[in-house]
Amino acid sequence: MYQSIFTSMKRHQIYLQGIKDVLPLNIPVALFGMFYAVLCIELGFSAYFAMGTSLIIFAGGSQLIFITLLTAGAVPWVIFGSVIMNNSRNFLYGAVFSKYIEKKSRIWKIVLSFFLTDQCFAVSNNYLKKNYKNKFAHYHMLGSGMTVWVIWQLSNLVGIWLGDIMSDQLSLNFFVAITFLALIAKDLGKLDHFLVILLSATCSLIFYNLPLKAYVIVAAIAGISLAYLINTKFKKLIR
Amino acid sequence: MNIWTYTIIIGVLTFLSRYVVTAYANTKTYSETTKKVLSYVPSAVFPSLIFPAVFYHNTNFEIYNYEVLAFVFALIAAYFSKNILVTVIVGLLSYIAIIFMI
């Protein structure tokens, strides 16, 4: 009995740690969520549609692409193609996470995959790297993922209620950008990571105007290829 | 096509992109090099979520704008504090201050 109380406390603590770690990243998520709902209404969609897309899709970037392309009258394959390209980075996140949850049941894999957002990946990857031997480590991912989900839905509701309160001058993408800057900051001082970041940043800027938002995966593939080269041919660069 | 049909298809596509590799990758076949290279995923993916948002306005590349200036402040905060909350707050406040002051 003591054992079960102890383990359930551990689970509870790890879950709470996930919530705590992901909270700072939710400031831009909340702003983006409100903006998304406001934009939906402005484009003539119903409040049910704004909430429905967030509940079913739960991916800010894909939702934004969807409503803007749909309003622009894009054909279905362009909409689906753009969404797939935008989501392609999830394959890389999956490749990293799979080693942490490979022994978990199918239900766990389905639940954790549903909550796998950029923010969840960012903080739980850091945690799991250090604590993968703990059999409850995946509760961190559950905590961070569910937090982003709740904040996203609530901010959508607030956006629907408050209407157009967002200033046109503020770039919401910029808010998202600075949270991810904070996440890679600790690696900027390492030469190998710095070179990968520099190449990926340069590629994303050069290829930004490619169709279907392909710049994200082009930059990621370039960065990963360089990481492979560094780890096979130029190991001296790793410190 | 009905907008709800679109929504459900996009929901399924998004879920599959998160689920397929997470659930079915055979990590036992990962070589040591693959494991090391995968540790670079944040460094390879996050810059494309950061830099275009700072340097692009719609489809135009801009080297000098409010975002770039605020980004420099956030970068300094990120590098020295290595703290997410500090970076977010410095970035947000400097961005809002720059917009209202300039």
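Scoring rules and cut-offs
- Counting starts from 1 at the beginning of each chain's written sequence and moves along it residue by residue.
- Written order decides the labels, with chains lettered from A and ligands numbered from 1.
- In view of the model being predicted, local features appear only for residues whose pLDDT reaches at least 70, and side-chain atom pairs are presented and counted only at 80 or more, with totals across whole chains, interfaces and linings using the full set of residues.
- Working definition: helices are DSSP H or I runs of at least four residues, strands are E runs of at least two. Numbering for both runs from the N terminus.
- The size measure is the radius of gyration over C-alpha atoms, and the globule rule it meets is 2.2 Å times the number of residues to the 0.38 power.
- Three exposure classes are used. Buried residues have 20 or more other C-beta atoms within 10 Å of their own C-beta, exposed residues have 12 or fewer, and partly exposed residues fall in between, all C-beta atoms being placed from the backbone.
- Linking buried Ala, Val, Leu, Ile, Met, Phe, Trp, Tyr and Cys residues through C-beta atoms within 7 Å yields a set, and such a set is a nonpolar core.
- Contact between two residues is assigned when their C-beta atoms, built from the backbone, lie within 7 Å.
- Gly falls in the polar group here, along with every residue not listed as nonpolar (Ala, Val, Leu, Ile, Met, Phe, Trp, Tyr, Cys, Pro) or charged (Asp, Glu, Lys, Arg).
- Either an automatic procedure or a domain database provided the assignment from which the domain bounds are taken.
- Helix span is expected to be 1.5 Å times the residue number reduced by one.
- Note on bend: the value at a residue is the angle between axes fitted to the seven residues ending there and to the seven starting there.
- pLDDT expresses how confident the predictor is about each individual residue, on a scale running from 0 to 100.
- With axes taken as lines fitted to C-alpha atoms, and helix axes fitted only over the stretch in contact, angles between N-to-C directions fall between 0 and 180 degrees.
- Oblique is the label for every angle not falling under 35 degrees (roughly parallel), over 145 degrees (roughly antiparallel), or within 65 to 115 degrees (roughly perpendicular).
- Helix crossings fall into two classes, left-handed where the near helix is turned counterclockwise from the far one by less than a right angle and right-handed where it is turned clockwise.

Caption draft 1: Summary view of the overall build of chain A. Secondary structure summary: chain A contains 12 helices and 0 strands in total. Its helices and strands in sequence order give chain A the pattern α-α-α-α-α-α-α-α-α-α-α-α, from N to C terminus. For a compact globule of 239 residues, the expected C-alpha radius of gyration is about 18 Å, and chain A comes in at 19 Å, within 12% of that figure. Dimensions of chain A along its principal axes, counting C-alpha atoms only, are 55 × 50 × 30 Å. Every one of the 239 residues in chain A was classed for burial, and the buried ones make up 49%.

Caption draft 2: The arrangement of the overall build of chain B in detail. Looking only at helices and strands, one finds 5 helices and 2 strands in chain B. What you see in chain B, going N to C, is helices and strands ordered as α-α-α-β-β-α-α. Relative to a compact globule of 102 residues, whose C-alpha radius of gyration would be 13 Å, chain B shows 20 Å and is clearly more extended. Overall size of chain B, expressed as C-alpha extent along the three principal axes, is 50 × 45 × 25 Å. Going through the 102 residues of chain B one by one, you find that 41% of them count as buried.

Caption draft 3: Structural view of the nonpolar core. Ranked by internal contacts, the top residues of the largest apolar core, which has 101 residues, are A:Ala177, A:Phe180, A:Leu181, B:Ile50 and B:Ala74. For this core, the leading source of residues is helix α12 (residues 215-232) of chain A, giving 11 residues. Discounting residues that sit within four places of it in the chain, A:Leu181 has contacts with B:Ile50, B:Ala74, B:Leu75, B:Ala78 and B:Thr87.

Caption draft 4: Highlighting the interface of chain B and chain A. In this assembly, 57 residues from chain B lie in contact with 76 residues from chain A. Those elements giving two or more residues to the side of chain B that touches chain A turn out to be α1 (3-24), α2 (32-38), α3 (41-55), α4 (66-81) and α5 (84-101) of chain B. Per element, the largest residue contribution to the side of chain B that touches chain A is 17 residues, and it comes from α1(B). Residue composition of the side of chain B that touches chain A, grouped by class: 41 nonpolar, 12 polar and 4 charged.

Caption draft 5: Broad picture of the domain arrangement of chain B. Looking at chain B, the domain boundaries give domain 1 (1-38) and domain 2 (40-102). Relative placement of domain 1 of chain B and domain 2 of chain B: their C-alpha centres are 29 Å apart.

Caption draft 6: Expanded view of the domain arrangement of chain A. All names here are of chain A. The domains assigned to chain A are domain 1 (2-166) and domain 2 (188-239). With centres defined by C-alpha atoms, the gap from domain 1 to domain 2 works out at 25 Å. The partner domain 2 presents 6 residues to the 8 residues of domain 1 that form the contact. Elements supplying a minimum of two residues to the side of domain 1 that touches domain 2: α5 (76-87) and α6 (89-101).

Caption draft 7: Layout of α1(B). Under the 1.5 Å per step criterion, the end-to-end length of α1(B) is 31 Å for 22 residues, consistent within 8% with the ideal 32 Å. The sharpest bend along α1(B) comes to roughly 30 degrees, located at B:Leu16. Among all positions in α1(B), only B:Tyr6, B:Ile10, B:Gly11, B:Thr14, B:Phe15, B:Ser17, B:Arg18 and B:Thr22 are buried. In this structure, the buried residues of α1(B) make contact with α3 (47-56), α4 (60-71), α5, α6 and α7 (106-114) of chain A.

Caption draft 8: Representation of the confidence of the model for chain B in the model. Here chain B shows a mean pLDDT of 89. Residues at 70 or above account for 100%. Here the predicted complex scores 0.81 on pTM and 0.87 on ipTM.

Caption draft 9: Broad picture of the packing of α4(A) against α5(A). Residues and elements named next belong to chain A. Two elements in contact, α4 and α5, have axes separated by 9 Å at closest approach and are oriented at 160 degrees. One element, α4, and the other, α5, form an angle in the roughly antiparallel class. Viewed along their axes, α4 and α5 form a crossing whose handedness is right-handed. Residues Gly61, Ser62, Ile65, Phe66, Leu69 and Leu70 of α4 form the contact with α5, whose participating residues are Val78, Ile79, Ser82, Val83, Asn86 and Asn87. Taken together, the residues of the contact of α4 with α5 break down into 7 nonpolar, 5 polar and no charged.

Caption draft 10: Representation of unusual backbone geometry. Positive phi outside glycine occurs at A:Phe58, with the angle close to 50 degrees. Structurally, A:Phe58 can be placed in the loop between α3 and α4.

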